[in-house]
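Descriptive structure summary
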Amino acid sequence: AERQEYVERVADLKARHGSFGTFDAMRKSKLATLKMVLRAQAVRDKLPKPTEGALEDEAHAHPDYVEFVTQATRDRAELIRTEGLIENIDQTVQRANVIARYATAEAHL
């Protein structure tokens, strides 16, 4: 039951940050959205059209993007910690199985 609780907790994190996860697509979407906002702000403020490089730099430095990456770092750390807990439970179960097999073999001798 404890292991299942950890598996449930780690499922969403693994879907985002694991193999074939969606994090990179979400990151690209976040950057594209921020670039659109920055372009719109430039038009609204009647500023010269920003270059693609300038938009890229501004989007990467934007507080929303920084928070997005910071949260992703926290999520990945939680994923690693929780996977470690699951692995510890798996090893405990495996050890119990080995001891049970050993005890059964001793009884047959």
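Placed above this text is the structure.
For the structure given in this document, a descriptive report is provided here. (Residues numbered from 1 in each chain as written. Predicted model: local features only at pLDDT ≥ 70, side-chain atom pairs only at ≥ 80, totals over all residues. Heavy atoms only, no water.)

It is worth spelling out the side chain of H17 at this point. Tracing the sequence through the fold places H17 in helix α1 (residues 2–17). By relative accessible area, H17 is classed as buried at 13%. Here the side chain of H17 touches R76 through a polar contact of 3.2 Å, side chain to side chain. Those residues in contact with H17 that lie beyond four places of it in its chain are F23, A72, D75, R76 and L79. (Helix = DSSP H or I, 4+ residues; strand = E, 2+ residues; numbered from the N terminus. Buried < 20%, exposed > 50% of the residue type's maximum accessible area, 1.4 Å probe, protein only. Polar contact = N/O pair within 3.5 Å; in protein donor to acceptor, adjacent residues only side chain to side chain. Contact = heavy atoms within 4.5 Å.)

Attention now moves to the nonpolar core. Listed in full, the 9 residues of the largest apolar core are F23, L31, L34, L38, L55, A59, Y65, F68 and A72. Counting only elements with at least two residues in this core, the list comes to α2 (23–44), α3 (52–61) and α4 (63–108). Here the element with the most residues in this core is α2; it accounts for 4 residues. Excluding residues that lie within four positions of it along the chain, L31 makes contacts with A59, H60 and Y65. Core analysis: the second largest hydrophobic core is formed by 6 residues, Y6, L79, I86 and I89 among them. (Core = buried A, V, L, I, M, F, W, Y, C linked by side-chain atoms within 4.5 Å.)

Packing of α2 against α3 brings their axes to within 9 Å, and their N-to-C directions diverge by 115 degrees. Note that α2 runs across α3; the crossing there is right-handed. Residues R27, L31, L34, K35, L38 and R39 of α2 lie in contact with α3, whose contacting residues are E52, L55, E56, E58, A59 and H60. Class assignment of the residues belonging to the contact of α2 with α3 gives a composition of 5 nonpolar, 1 polar and 6 charged. (Axes fitted to C-alpha atoms, helices over the stretch in contact; angles between N-to-C directions. Left-handed = near helix turned anticlockwise from the far one by under 90°. Nonpolar A, V, L, I, M, F, W, Y, C, P; charged D, E, K, R; others polar.)

This next bit is on the packing of aromatic side chains. Counting across every chain of the model gives 2 aromatic pairs. Centre to centre, the rings of F23 and F68 are 5.6 Å apart; their planes meet at 10 degrees, and the pair counts as stacked. Of this pair, F23 sits in helix α2 while F68 sits in helix α4, and the two are 45 residues apart along the sequence. For the pair shown, F23 and F68 are each scored as buried. With 6.4 Å between their ring centres and 25 degrees between their planes, Y65 and F68 make a pair best called stacked. Of this pair, Y65 and F68 both sit in helix α4, 3 residues apart, which is roughly one turn of that helix. Neither residue differs from the other here; Y65 and F68 are each classed as buried. Each member of the aromatic cluster is reached from another via a ring pair, and the members are F23, Y65 and F68. (Phe/Tyr/Trp six-rings, centres within 6.5 Å; stacked < 30°, edge-to-face > 60°.)

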